[in-house]
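Residue-level structural notes
What follows is each chain in one-letter form.
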Amino acid sequence: MKELLERFVLLALPGAVAWLGVVTIGCQNPSTRVQLPHLVDADELDEPVRRQLLASRDAVTRLQTAGDQRDQALGRALGNLAMVYHAYRDYEPARRCYRQAHDLDRQEFHWAYLLARVERSLGHLDESDDAFDEALILRPDYLPALVWRAENAVDDNRLVEAEEGFRRALEVTPTCAQANYGLARVALSRGDAESAIEFLDSAHEQQREATPILYSLGLAHRSLGDAERAQFFLERIPTSHLLRRSIALDDPVMREVHALELGATAYEHRGQRAAARGQYGLAASELRQAVILDGERIEARHNLALALLHLGRGEEARGEIDEILQLHPDFAPTLVLLGRLLQRDGELEEAEHHLRRATKADPASAKAHLALAELLVSIGDRDAARLASERARLLDPNVETKEAATAIGGSGS
Amino acid sequence: MRGVIVPNRVLALGMILWLVGGCDRQNPSEPDAVLIDAAVASGLSFTHHNGMSGEYYFSEMAGPGAALLDFDNDGDLDVYLVQGRALVPTAPVDEQPFRDRLFRNDLEPASTPGASMARFSDVTEISGLDSRGYGMGVTVGDVDNDGWVDIYVTNFGANMMWRNQGGQEVSGDVVFSDVTEVTGTGDARWSSSAAFLDFDRDGWLDLYVVNYTDFRIANHKPCPNPQGAPEYCGPLAYRPQADRLFRNLGDSDDGIRFEDVSFAGGMVEAPAPGLGVVTVDVDRDGWIDIYVANDQAHNQLWMNQGDGTFRDEALLRGCAVDAQGRAQASMGIDAADVDGDGDVDLFLTHLLSETNTLYVNDGNGLFSDQTVAAGLGVPSLAFTGFGTAFFDLDNDGWLDLLTVNGEVRTLREQRAAGEALPLRQPNLLFRNRGAALGFDDWSDRAPVLAQALVSRGAAFGDVDNDGDTDVLVQNNNGPAQLLVNQVGSRDIWLGVRLIGDSGRDMLGASVSLSTPDGSIFVRRVRTDGSYLSANDPRLLFGLGRSGSQGTYVADVQWPNGRQERFSDLRSGRYQDLVEGQGLPLDSRP
């Protein structure tokens, strides 16, 4: 009896849900058929971001207020708003807006595809699959859609489906590294390391520095008992999170999304990433934008000064340093930086003054104590230098190693 | 059919309930729940205060942990709960109203004949414990081999070692004393988890302390989200810190002292933002190794070289990063034989949009990421996991899994609803399917898990001595929960406590239990694992799948390499296995 009842409900459920949906929509005023996500923390957002979000929301509400019920227009406005949320990795509101955009305009590839991407980011693989399938009806050969649809399957251990998907992607683009890598993942899941290595070698030919490919090659060789080959690949995995290289897959639609990212934070993040890769020109440009948008971003300004020094633009760097210390006279990382610059220029007395200020401002900064110790050595005050050096090592036994590897993206203290 | 829930059926049944019951929310059917929260009923009344001030100080969302320990040696588990406080105190610290709490368990008879239930009393004031630091975690072990368990507390600030002076009772109450300075185990940095282990096999418990980053109030900085709104920082915003390994020098006239051997151990050279730790012999060479969960950095597997040094081999052994070479945000951790092949596998909890990760051991200490195949990937993507452990929920012999969750970055929906700490998430329970490695999501079998809180620490142990594992959960800025197991004791079980000749729990010992039908179960004695927490050191063997009652044989590998056999063990009770009282077997070198 219970089974019968369950079966009845299972069969009747889709219809019931559809009926409830019709009733709900039918009860709504047409002008409220679209629901915008709550605008959270609007006052706290970077100004360009706030303006951007408000403008995108206004575009939706204007259409509603004007009674413009053309699905395509409303869908486009909602999709554009979704892309803004998406650009800032704010996935839940992005998902809701894409969903509504897609419901309003099922012929627009963007909304189906981007909905699929966001559902995937949220871990909703079933919903993501459905949206990818709809996107692929509209553009059957869009490579990123084929690849990510197959990635969903492999993440969900649906290996046959994943294999078919990656092979289809290779039909479209035979040199697609991520599809070869995906086939390798499938092979590894089946315990077939030899086949995996064949796919990985193909992927590796295309993208020699991609971390996932190197790592999988290492593990595949390990599982075949070739420890030397395994070590060869595994030793090439970067230890820094920032230096990991994903497999590149050109995605024009996602490029449109990323292009929407504005604001000081976005610039600052990009600047730090560029600096970590040693791209100081790009870093300086991004960090400069962050500082222009928000002059209070002291960390960005400090990192900008460091990037400028790396580029040999000492005068500009000094300008930034002066600005920082006007705003925050006790900002220890910049005091240390200034002290080191003055020491380099032979202005030892002033250098000592700033370094002592730094140790006072942040007594727990091993870096400041070490810098002071080095300065004291150079002026011959060996006893004081020893004390400062001991203090630095007590605070952080690794301080010298870290100092040698000066990291622009760190806190600097 | 083991009653695997089919989502569509759940949906269907839910629809029936909704239609029948109108719009009223149905009260979860507690009699069928596999775990229920008995904190308040048992007298465990505690609310964590994270001291949040609106400044988004990094450390305020990280804690706290909890410990299950038998501090008074009366045979049941007591509770230690770590507390926070204001991060920028306006009054002297010793005038702060908040401090860590110790609850004594005095088991009471339950309504079911022969059964007991936990009954807790707050004995902090008379215990001598006065831990008022900004608390993070706790670990427990008997460092002076006097048969009384001691406590090590990690703080955002100076850590503390509390010696249990059980032998010097005052007015009948056990008194703890602060021995941080005399033992030399202090560390003023931001420490997270810690673990006791006997890494040099000298019979004294050593100490491993995991450190996180160099964040201090003085170097606090804003870490806005990509849109510019205030947010908590992540580990990359600050410098990672090196962990510390303290070697126990044994008893002397001055009491117990430890030596910092982190440099010789290799840890000093490898700072990383660590959060969790397990100490376990992954390659079965007889020496305890150390596996550290690092946040957005490679995890470290410190392989014990047997000469006081360690080598980090995590990358080569396949447990530093996930299958795609990504350093994940590792927080909670456990090590246990989840596939029943006799070696220890590793599990880590991670950030939202990352999967939790299961590394399966090939028997030689080489690991492969089997998360997807085990069905643990997709269900964890929407959660940020912290405390976790493998435990046998239903005593069927296969280790199940609980993860307690809570975000670290603002959940916009909760923020929009005006929540002060919008990081709440439900917890997850997975049941091990057995033989072929795989898990089913059983979270809906315990409605209490749906109660979204900001869960962090979780300690696992049998608080009511009924033969199944219960879970103590610590929630950031929320109440502690005691999830009492409702199903495990229905099946056959056997409990053992491994005791050294000094009378202490032999952390690091391993037991291989053989059943009359030829099944073999391997478990390790530990208090470490999970997140910021300390677990019951006793071992519980669920024997449901062996299907027979009778006598059992336990082969014990003691931490010093000695092996002994204990025969004629009986199910349905806890038994002490005392070092030196079993039949000696060929021992490891």
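Calculation criteria
Residues numbered from 1 in each chain as written. Chains lettered and ligands numbered in written order. Predicted model: local features only at pLDDT ≥ 70, side-chain atom pairs only at ≥ 80, totals over all residues. Heavy atoms only, no water. 1 Å grid on protein atoms, 1.4 Å probe; cavity = no way out; pocket = protein on both sides within 12 Å on 5 of 7 lines; lining within 4 Å. Points joined across faces, edges and corners; volume = space filled by probe spheres on them. Helix = DSSP H or I, 4+ residues; strand = E, 2+ residues; numbered from the N terminus. Core = buried A, V, L, I, M, F, W, Y, C linked by side-chain atoms within 4.5 Å. Buried < 20%, exposed > 50% of the residue type's maximum accessible area, 1.4 Å probe, protein only. Contact = heavy atoms within 4.5 Å. Buried area = accessible area lost by both parts, 1.4 Å probe. Salt bridge = Lys/Arg side-chain N within 4 Å of Asp/Glu carboxyl O. Polar contact = N/O pair within 3.5 Å; in protein donor to acceptor, adjacent residues only side chain to side chain. Nonpolar A, V, L, I, M, F, W, Y, C, P; charged D, E, K, R; others polar.

On to empty space enclosed by the protein, then. Using the criterion set out here, one finds four cavities of 30 Å³ or more in the structure. For the largest cavity, the calculated volume is near 360 Å³. Residue lining of the largest cavity: 24 residues in total, with Phe-390, Arg-523, Arg-526, Leu-539 and Leu-540 of chain B positioned closest to the centre. Contributing elements (two or more residues each) for the lining of the largest cavity: β20 (333–336), β24 (385–391), β28 (455–461), β33 (520–524) and β34 (539–542) of chain B. Its boundaries defined by the atoms lining it, the second largest cavity holds a volume of some 90 Å³. Residue lining of the second largest cavity: 14 residues in total, with His-38, Val-40, Tyr-85 and Asp-90 of chain A together with Arg-412 of chain B positioned closest to the centre.

All right, on to the nonpolar core then. Within soluble globular proteins, side chains that are nonpolar tend to cluster in buried spots. Ranked by internal contacts, the top residues of the largest apolar core, which has 98 residues, are Tyr-98, Tyr-113 and Phe-166 of chain A together with Tyr-291 of chain B. Looking at this core, the element that brings in the most residues is helix α3 (residues 71–87) of chain A, giving ten residues. Among residues more than four places away in sequence, those in contact with Tyr-291 of chain B are Gly-276, Val-277, Val-278, Asn-299, Gln-300, Leu-301, Cys-319, Ile-333, Leu-346, Leu-348 and Tyr-359 of chain B. One finds Ala-509, Leu-513, Phe-521 and Tyr-552 of chain B within the second-largest nonpolar core, a separate group that totals 33 residues.

To continue, consider the interface of chain A and chain B. Contact with chain A, which involves 62 residues of that partner, is made by 53 residues of chain B. Across the chain A to chain B interface the summed buried area is about 4,800 Å²; carbon plus sulfur atoms make up 57%. On inspection of chain A and its partner chain B, the count reaches four salt bridges. Here Asp-90 of chain A ties to Arg-412 of chain B by a salt bridge, and the two come within 3.6 Å at their closest N and O atoms. At the junction of chain A with chain B, the criterion picks out six residue pairs in polar contact (both at pLDDT 80 or more). Listing elements by their share of the side of chain A that touches chain B, those giving two or more residues are α1 (2–27), α2 (47–65), α4 (91–104), α7 (143–155), α9 (177–189), α11 (211–223), α12 (227–234) and α14 (264–276) of chain A. Broken down by element, the residue count for the side of chain A that touches chain B peaks at seven residues, all from α1 of chain A. Considering only residue class, the side of chain A that touches chain B consists of 26 nonpolar, 17 polar and 19 charged.

All right, on to unusual backbone geometry then. In this chain, Gly-63 of chain B is followed by Pro-64 of chain B through a cis amide linkage whose omega measures 0°. Its location among the elements puts Pro-64 of chain B in the loop between β1 (35–37) and β2 (66–69). Phi is positive for Asn-157 of chain A, close to 65°, though the residue is something other than glycine. Position of Asn-157 of chain A among the secondary structure elements: in the loop between α7 and α8 (159–172). Judged by its relative accessible area of 32%, Asn-157 of chain A falls in the partly exposed class. If you check the backbone angles, Asn-395 of chain B has positive phi at about 55° while not being a glycine. Secondary-structure assignment places Asn-395 of chain B in the loop between β24 and β25 (400–405).

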